[in-house]
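# Descriptive structure summary
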Amino acid sequence: MPTESKTFALKSLRPEEREMVLKATFGSTEFGILLTDLDHVSIACNSRFGAIFGVEIEGVVSSTVDQVREMVRKRIPDYEAWEQNLGEVYSNPAHSQNDVLSLQNPMQVIERSTRPVLDEDGNPMGRLWTFLDVTARHYERQIAELQQEISLFFHPDPKEVYSHIVSRLSAFYETTCVLSIQEGTYMHFQAISSPIPEVEQMTGNDIASSYCQFCQETLEPTLIQNALETPRFAKILPASLGITRYAGVPLRAPDGQFIGTLCILDHRSDELLGEVDMHLISLMGMRVSAELERETRIKNLERDLDSATQRMIQGEKLAITGTLAASVAHDIRNIVSS
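So, here's what we can say about the structure. Quantities reported herein were computed from a predicted structural model and do not represent experimental measurements. (Residues numbered from 1 in each chain as written. Predicted model: local features only at pLDDT ≥ 70, side-chain atom pairs only at ≥ 80, totals over all residues. Heavy atoms only, no water.)

## A closer look at the overall build of the chain
Using the following cut-off: Segments assigned H or I by DSSP are reported as helices when at least four residues long, segments assigned E as strands when at least two residues long, and all are numbered from the N terminus. The buried label applies to any residue whose accessible area, calculated with a 1.4 Å probe on protein chains only, is under 20% of its type's maximum; exposed applies above 50%, and partly exposed to all values in between. Contacts are assigned to residue pairs with any non-hydrogen atoms lying within 4.5 Å of each other. Areas reported as accessible are Shrake-Rupley estimates using a 1.4 Å probe. Residue values count occlusion only from the protein chains shown.
Broken down by element type, the chain carries 12 helices and 11 strands. Split into buried and exposed, the 338 residues of the chain put 36% on the buried side. Across the chain, the fraction of contacts at a sequence separation of at least 24, relative to all contacts at a separation of at least 6, is 50%. Counting only carbon and sulfur atoms, one obtains 56% of the accessible surface of the chain, whose full area is about 20,700 Å².

Set out below in structure tokens:
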């Protein structure tokens, strides 16, 4: 039975071999790792840490605390709160913490963890930080929540449903979302939502001047990450106005005929859209198509009901007229007979 509990065991190695093992360990993990002393002076970090914060790792371990903090300042949305938290952590050498850190430029969601590094006597001698990029997982969870929220939304008026979908997609992507219905060579904006008030006043455009023509051609979901990279897309009017990113899906009638598109579009080509985004917009397009069909059926029903009501009223009028005519004729015959 072992008489002593150790945190790890290490074979006797030469100094250069120890360094090789340390480098291999730091380089083989998906975690960003930063090792500091108790005063937050950087001792070691790996390339994953450098990639997450956009810094040169050699510069991190050769710089002062203030210099390192300045290196990562551009990634921290609320720098004062972040720095205050670091003060609280380093004020207690035995402190451990697990939290989520949101970064900017570009946006990332990081699971952050820190705990003390102990010497052989169990006393804190440094601090280990680990950082795990969970942006994709966080994003997929957000999309799943949006899908669930929209799937549970219902209103007797189909227009309220598809307008809600357009509004929620616009808010989720913080961009312009448009539901367009084809009317000849014109795309009528059946519903539109945008963070730009002037855009919301638009009523439609020619299909030849819009990205929607490519959805119409292929009848498939269409993603244009940067229109300026493809000559055919670069000639479209929106591209010349700086609207270079487009993600749209075709809308179909029950017989499969193209009737319009559901799309988002903006100038943020540097922010990549992927399969999860196209899957979300495609599902929303299916829901919108169903609501448009429901709207058509309701209008037809109302029209048929109105027509039937008018026929019933006209029939009543004729029946009353006939009854009145017979009564008058009867009275006249009585008078003439007398």
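## Observations concerning the sheet that holds strand 11 (residues 258-266)
Put simply, the rule is: Paired strands are those between which DSSP finds at least two bridges. Geometry is summarised by axes, namely lines fitted to C-alpha atoms with helices restricted to the contacting stretch, and by angles between N-to-C directions that run from 0 to 180 degrees.
Within the open sheet, the six strands sit side by side as 8-7-6-11-10-9. Their pairing is antiparallel. Each edge of the sheet is formed by a strand with only one pairing partner; in this case those strands are strand 8 (204-206) and strand 9 (222-224). Put simply, the sheet's adjacent strands are angled 25 degrees from each other on average, direction ignored. Of the pairings in the sheet, the one linking strand 10 (residues 245-252) to strand 11 comprises eight bridges and is antiparallel in character. Paired with A247 across the strands is I264, a residue of strand 11. In the packing of helix 7 (residues 158-173) onto the sheet, the strands contacted are strand 6 (176-183), strand 7 (186-193) and strand 11, and the crossing angle to strand 7 comes to about 70 degrees.

## So, the environment of I143
Topologically, I143 is positioned in helix 6 (residues 135-151). Take I143: its relative accessible area is 4%, and that puts it in the buried class. Taking the C-alpha atoms as reference points, I143 and F172, separated by 29 residues in sequence, lie 8.8 Å from one another.

## Topic: the side chain of R112
So the rule is basically this: Identification of polar contacts relies on pairs of N or O atoms within 3.5 Å, with a donor-acceptor requirement for protein atoms, meaning one able to donate a hydrogen and the other able to accept it, and with residues adjacent in sequence counted only if both atoms are side-chain atoms.
Within the fold, R112 resides in strand 4 (residues 108-118). A relative accessible area of 6% means that R112 is categorised as buried. A distance of 3.1 Å separates polar atoms of two side chains, one belonging to R112 and the other to N85. A distance of 2.7 Å separates a polar atom in the side chain of R112 from a polar atom in the side chain of D99. Not counting residues up to four positions away in its chain, the partners in contact with R112 are W82, N85, Q97, N98, D99, L101, W129, T130 and F131.

## Observations regarding the packing of aromatic side chains
Each aromatic ring pair is summarised here by two numbers: the centre-to-centre distance and the angle between the ring planes. The following threshold applies: Each aromatic pair joins two rings of Phe, Tyr and Trp (for Trp, the six-membered one) with centres within 6.5 Å, and gets the label stacked for planes under 30 degrees apart, edge-to-face for over 60, and tilted for any other angle.
Summed over the entire model, instances satisfying the criterion amount to 10 aromatic pairs. Residues F53 and F131 carry aromatic rings whose centres are separated by 5.2 Å and whose planes lie at 85 degrees to one another, so their mutual orientation is edge-to-face. Placement of F53 in helix 2 (residues 47-53) and of F131 in strand 5 (residues 124-133) is noted, with a sequence separation of 78 residues between them. The pair F53 / F131 is uniform in exposure class, with both members buried. Centroid distance F214 to F233: 4.8 Å. Interplanar angle 70 degrees. Geometry classified as edge-to-face.

## Here's the deal with the pattern of salt bridges
Condition: Salt bridge, as used here, is a side-chain nitrogen of Lys or Arg placed within 4 Å of a carboxyl oxygen of Asp or Glu.
Summed over the entire model, instances satisfying the criterion amount to 12 salt bridges. A salt bridge links E111 to R137, with the shortest nitrogen-to-oxygen separation between them at 2.7 Å. In this pair, E111 is assigned in strand 4 and R137 in helix 6, connecting sequence segments 26 residues apart. Of the charged contacts, one joins E291 and R294 as a salt bridge, the two residues approaching to 2.8 Å between their closest N and O atoms. A residue pair is termed a helical-turn pair when its members lie 3 or 4 positions apart in one helix, as E291 and R294 do in helix 12 (residues 275-337) at three residues. Both residues of the pair, E291 and R294, belong to the buried class. Several salt bridges share partner residues, and in doing so they unite R287, E291 and R294 into one network.

## Overview of the sheet that holds strand 3 (residues 97-103)
Here we have five strands laid out as an open sheet, ordered 2-1-5-4-3, and antiparallel in their pairing. What marks the edges here is a single partner per strand, and that holds for strand 2 (42-45) and strand 3. The sheet shows a mean angle of 25 degrees between the axes of neighbouring strands, direction not considered. With respect to the sheet, helix 5 (residues 79-90) is in contact with strand 1 (32-36), strand 3, strand 4 and strand 5, its orientation differing from that of strand 5 by roughly 145 degrees.

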